[in-house]
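Below, each chain spelled out in residue letters.
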Amino acid sequence: MDLTKLTAHELKDMLKNKEVKAQEITKAYLDNINSIDEKLGAYLHVAEEEAMGKALEVDKKIEKGEALKKLSGIPVGIKDNISVRGMQNTCASKILRGYVSPYDAHVTERIKDEDGIILGKLNMDEFAMGSSNENSSVKLVKNPWDLTRVPGGSSGGSVASVAGCESALSLGTDTGGSVRQPASLCGVVGLKPTYGRISRSGVVAFGSTLDQVGPIGKDVEDCALLTQSISGLDSKDFTTANIQVPDYSKSLTKDLRGKKIGIPKEYFGEGLNDGVRKSVEEAIKVLKDNGAEVESCSLPLSDYALSAYYIISSAEASSNLARFDGIRYGHRTKDFKNSNEIYMKSRSEGFGDEVKRRIMLGTYVLSAGYYDAYYKKALKVRKLIKDDFSRVFKEFDAIVSPTSPTTAFKIGEKTDDVMSMYLSDIYTVPVSVAGVPAISVPCGMVEGLPVGLQIIGDYFKEDKLFNIAYSYEQSTDFHKMRAEIK
C-alpha cells in the first residue's frame, strides 16, 4: 500500500487502529520527496530530522494510550512565507535568502499543538506575487499532471506537494486566488477562508487587507480537518474575529435539500474555456440532483474587481515591502558608495521583476497626485463589491462558478503577457476583494488536466461551503484521481 496516496483522514484512522506508525507515514512522504521533488520543485527546505523526531514522539504517545489529536501523525507542508521556528522563511526571494525564523506563526503553533508533522517549507511565487509559480527566485514548480505546465500560483508549491503526494496536507496563502487557482489547476481542494477566520500572525505580508492562510487537502474532509485545526481568535492578530468556529465535520453531509445556489451570469461569459464551462455545468447538475435549488443571479460589479484588486494589493505591497531595504532587513549589496546606493542596489538585486512591477504600481497609486484618483477610488469600488455579494447572499446560501477560466497553461506561455497572466484570477479576485470565503474542488478533466469548481459563501459560513463541496465530491470520483509523475 502506498501511504502517500491516502487522504489525511484515512491515515488518521489507520493510526487510531494501530495499523501503521507515524514514523512509517512520515518516512513514506520523505522518500517520495527525495524521489520526485527534483522533477516537481515543490520544496525549498525539507526538515527530515525534525519530522522523523516528531513522528517518533507521536508514536510514543499512541503506545501510551493517549488520545489522538486532530492532526496526530499527519505530514504537513508549509508555504515559505509562513514562519516555522528554526526553518527558513525566504518567500522564495533573493532579498531574504538565508533568513531563518526565530518563532512560529500562529497557524504553525496550532499544527504543532495538534501533533501535525511539519515536513518542510514549500516553493512559491516571490512574496506571493504571481499566478503561475514562475516567479520564484530559486526554481520552477511544475504541475504534477503535466511537468511542462504551471501549477498555478502563488501557492503552487503548496498545491503541487499535495497533488504530487509529497505532503498529506499543506498551507498556502490566498491574496487574490493564490490557493484556489492552483488547487483548480492541480486537482486538489483549497479553501480561502473569510478574512479574519484564520490568523495572519507570523505570515509575511503582501496585501494586509487581503491575505489569508488557506488549507489544502486531497479531499474536502481533509481540508475541513486542517481548517478546524488552525481557525479562531488570535490575540496577536487584531483582524481575527471573535466568532466561534463550528465543528466542520458535522457539515460533511450529502444532503443539499433547502440549499439555494446562485449561478452568476458574469462568471460564464467570454474568455471561459469550453471544456471548463462544460465541466462546471455538469457539476451544477450534480448539485441539483443532490437537492439544491439552483437559480441564475448577477454580480455586475465583479467586472471592476480585478482593477480594484491590483491597485489595493500593489499599494499595500509597496508599503509592506519598504522594510526590505538592505539596512533594516534583507539582502545588502556589497558594492555601494553611500546610503542611497545601499537602498537602490540592495532592492534592485534582491527583488524579482514581478515584485518590482507591483512596488512601482503601488508607489504610483499612493503618490500625492494620484492617491484620490486611484487608491481612494479603488477602496470605494471595494465597498460596492462587498455590497454586491451581501445582496446576493440575502437570497442564496452559496454561489457557484469556475475557479479558473482555463486549465493549466504551458510554462512560459504567459510570461511576457502580464495582462493575460493577471486574468487567470478573474473568478477568484472578486471573492478576495469582498473578503468572503470560497473553496475550489476538482470537478472534471479536460485533455488530461484538472478543472476546479469554485463555491463561494457568505461571511464566516465555511460550514455551508464544506457541506456543498462534500455533497458534490461524494457524488463524483474526481477527488480520487492521483497524478503519476514520470
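No experiment lies behind these values; they were computed from the predicted model shown.

What counts, and at which threshold
- Residues numbered from 1 in each chain as written.
- Predicted model: local features only at pLDDT ≥ 70, side-chain atom pairs only at ≥ 80, totals over all residues.
- Heavy atoms only, no water.
- Patch = residues over 30% accessible without salt bridge, like charges linked within 9 Å, V, L, I, M, F, W, Y side chains within 5 Å.
- Areas by Shrake-Rupley, 256 points an atom, 1.4 Å probe, with all protein chains shown as cover.
- Salt bridge = Lys/Arg side-chain N within 4 Å of Asp/Glu carboxyl O.
- Helix = DSSP H or I, 4+ residues; strand = E, 2+ residues; numbered from the N terminus.
- Contact = heavy atoms within 4.5 Å.
- Core = buried A, V, L, I, M, F, W, Y, C linked by side-chain atoms within 4.5 Å.
- Buried < 20%, exposed > 50% of the residue type's maximum accessible area, 1.4 Å probe, protein only.
- UniProt positions renumbered as here; feature names shortened; annotations may be inferred.
- Pairing = 2+ DSSP bridges.
- Axes fitted to C-alpha atoms, helices over the stretch in contact; angles between N-to-C directions.

Asks: Looking at this structure, I do not really get a nonpolar patch on the surface. What am I missing?
Replies: Judged by side-chain polarity, Leu361, Tyr364, Tyr370 and Tyr374 come together as a nonpolar surface patch covering roughly 350 Å² of accessible area. With respect to the helices and strands, the residue Tyr364 is situated in helix α11 (residues 353–366).

Asks: Before we go on, may I ask you to explain the environment of Ile455 in this structure?
Replies: Of note, Ile455 is situated in strand β11 (residues 449–457). Setting aside anything within four residues of it in sequence, one finds Ile455 in contact with Ala398, Ile399, Val400, Pro437, Ala438, Ile439, Val441, Leu465, Ile468 and Ala469.

Asks: Hey, could you run me through the nonpolar core in this one?
Replies: Buried together is how nonpolar side chains tend to be arranged in soluble globular proteins. In this structure, Phe127, Phe389, Ile439, Val441, Leu453, Ile455 and Phe466 are the most contacted members of the largest nonpolar core, which totals 82 residues. In terms of residue count, helix α9 (residues 305–320) provides more of this core than any other element does, nine residues in total. Counting residues in hydrophobic clusters, the runner-up holds 47 residues, among them Ile36, Tyr43, Ile82 and Met87.

Asks: What should I look at first to understand the UniProt feature "domain: Amidase" (unreviewed entry) in the protein in this one?
Replies: This chain's UniProt record puts "domain: Amidase" (unreviewed entry) on residues 24–465. Its end C-alpha atoms 33 Å apart, residues 24–465 is made of 37% helix and 14% strand.

Asks: What is the right way to read the sheet that holds strand β10 (residues 438–446) from this model?
Replies: The strands that make up a sheet pair up through hydrogen bonds in the backbone, lying either parallel or antiparallel. Here we have eleven strands laid out as an open sheet, ordered β1-β3-β2-β4-β6-β5-β10-β11-β9-β7-β8, and mixed in their pairing. Because the sheet does not close on itself, it has two edges, and the strands there are β1 (43–46) and β8 (293–297). Going across the sheet, the axis of each strand differs from the next one's by a mean of 30 degrees, ignoring polarity. Here strand β5 (residues 189–192) runs beside strand β6 (residues 212–217); their pairing, made up of two bridges, is antiparallel. Bridge pairing in β6 links Val189 to Gly217. Helix α3 (residues 48–63) contacts β1 and β3 (117–122) of the sheet and is inclined by roughly 160 degrees relative to β3.

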